[in-house]
Amino acid sequence: MRFNKINKLILFGGSRLLAEFSVYLSNNKGLELAIFSAQRHLHEVVTNDGLTLQSVLERNKIRYYTSQDINKDKNLKAEITRNTLGISMGAAWVFDKKTVGLFAKNHLLDFMGVDLPQYRGGAHYTWQILHQNKKGCANLQIIQGGIDTFHKGPIVKRAEYKLPSSLKRPVDYFVFIVKKEILFLKEFLRELKSGRDFSLKKI
């Protein structure tokens, strides 16, 4: 599949990854950026020096919205064009089919930094530690909308890598893996700009 010519990104959710990727995108000319986040994500510490996501966004003058329910958020529709790509990163909501339909077909994606389908759900790194699993993965999958399709959409792009044996705690996983994930997302952006034809893979 091919994406439309993308000139705007909307990121949904929170996390250290969203914070770092947002800062990178804010310095990327030619791409407009907006963030939709829940209150709990905005107050989460996402940097080594103790900054919250809200502080990072405000310091870098990145436009953001606080949303209690993305499916009822009136600001979202005004932000979307046919050349907009949405990427969810641990968002607090399940997107319903009507919300997904605001985007061009297949233009709302979910980023998952774990092996799919084995670790879809929650507490990913805790489960990996308990299973002594050292396989790192990054995935972008299509959001189809509705709880019945949650984390079940086709995968657009996937990467696998080994995790060092020195990683012991969930926080160790987050710090190491975010570097891999940023590289993965930057590569995806380059592929978008080049007009790559992506092969969809069913889970």
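The rules behind each value
Residues numbered from 1 in each chain as written. Predicted model: local features only at pLDDT ≥ 70, side-chain atom pairs only at ≥ 80, totals over all residues. Heavy atoms only, no water. Pairing = 2+ DSSP bridges. Helix = DSSP H or I, 4+ residues; strand = E, 2+ residues; numbered from the N terminus. Axes fitted to C-alpha atoms, helices over the stretch in contact; angles between N-to-C directions. Contact = heavy atoms within 4.5 Å. Buried < 20%, exposed > 50% of the residue type's maximum accessible area, 1.4 Å probe, protein only. Polar contact = N/O pair within 3.5 Å; in protein donor to acceptor, adjacent residues only side chain to side chain. Patch = residues over 30% accessible without salt bridge, like charges linked within 9 Å, V, L, I, M, F, W, Y side chains within 5 Å. Areas by Shrake-Rupley, 256 points an atom, 1.4 Å probe, with all protein chains shown as cover. Salt bridge = Lys/Arg side-chain N within 4 Å of Asp/Glu carboxyl O.

Engineer: Where do I start with the sheet that holds strand β3 (residues 64-66) in this structure?
Structural biologist: Remark on secondary structure: sheet strands pair via backbone hydrogen bonds, oriented parallel or antiparallel. Taken in spatial order, the seven strands make up an open sheet running β3-β2-β1-β4-β5-β6-β7, and their pairing is mixed. With one partner strand each, in any of the chains shown, β3 and β7 (155-162) form the two edges of the open sheet. Across the sheet, the mean angle from the axis of one strand to that of its neighbour is 15 degrees, orientation sign disregarded. The strands touched by helix α1 (residues 16-26) are β1 (8-13), β2 (32-37), β4 (84-89) and β5 (108-112); relative to β1, the strand with the most contacts, the crossing angle is about 165 degrees. Sitting on the sheet, helix α7 (residues 170-194) is in contact with β1, β4, β5, β6 (135-142) and β7, with an inclination near 145 degrees to β7.

Engineer: What exactly am I supposed to notice about α1 here?
Structural biologist: Since there are 3.6 residues in each turn of an α-helix, residues three or four apart along the chain are aligned in direction. Within α1 the residues assigned to the buried category are Arg16, Leu17, Leu18, Ala19, Phe21, Ser22 and Leu25. Looking at the buried side of α1, the elements it contacts are β1, β2, α3 (53-59), β4, β5 and α7. N-cap assignment for α1: the residue whose side-chain oxygen lies 3.3 Å from the backbone N of Leu17 is Ser15.

Engineer: Teacher, can you tell me more about the environment of Ala91 here?
Structural biologist: Following the sequence through the fold, Ala91 ends up in the loop between β4 and α5 (97-100). Relative accessible area serves as the criterion here: at 19%, Ala91 is assigned to the buried category. Separated by 23 residues in the primary sequence, Ala91 and Val114 have C-alpha atoms spaced 15 Å apart. Apart from residues no more than four positions distant in its own chain, Ala91 is found in contact with Phe12, Gly13 and His41.

Engineer: Where do I start with unusual backbone geometry in this structure?
Structural biologist: The bulk of non-glycine residues show a negative phi, and the bulk of peptide bonds are trans. Unusually for a residue other than glycine, Ser15 sits at a positive phi of about 105 degrees. Tracing the chain through its elements places Ser15 in the loop between β1 and α1. Look at Ser15 and you get partly exposed, because its relative accessible area is 22%. A positive phi angle, close to 65 degrees, is found at Asn106, a residue other than glycine. Within the fold, Asn106 resides in the loop between α5 and β5.

Engineer: How should I be thinking about the environment of Phe12 in this particular structure?
Structural biologist: With respect to the helices, strands and loops of the structure, Phe12 is situated in strand β1. Each C-alpha atom, one on Phe12 and one on His43, is 15 Å from the other, the two residues being 31 residues apart in sequence.

Engineer: Got a minute to help me understand a nonpolar patch on the surface in this structure?
Structural biologist: On the surface, Val94, Ile147 and Phe150 cluster together into a nonpolar patch covering about 270 Å² of accessible area. Mapped onto the fold, Ile147 is located in the loop between β6 and β7.

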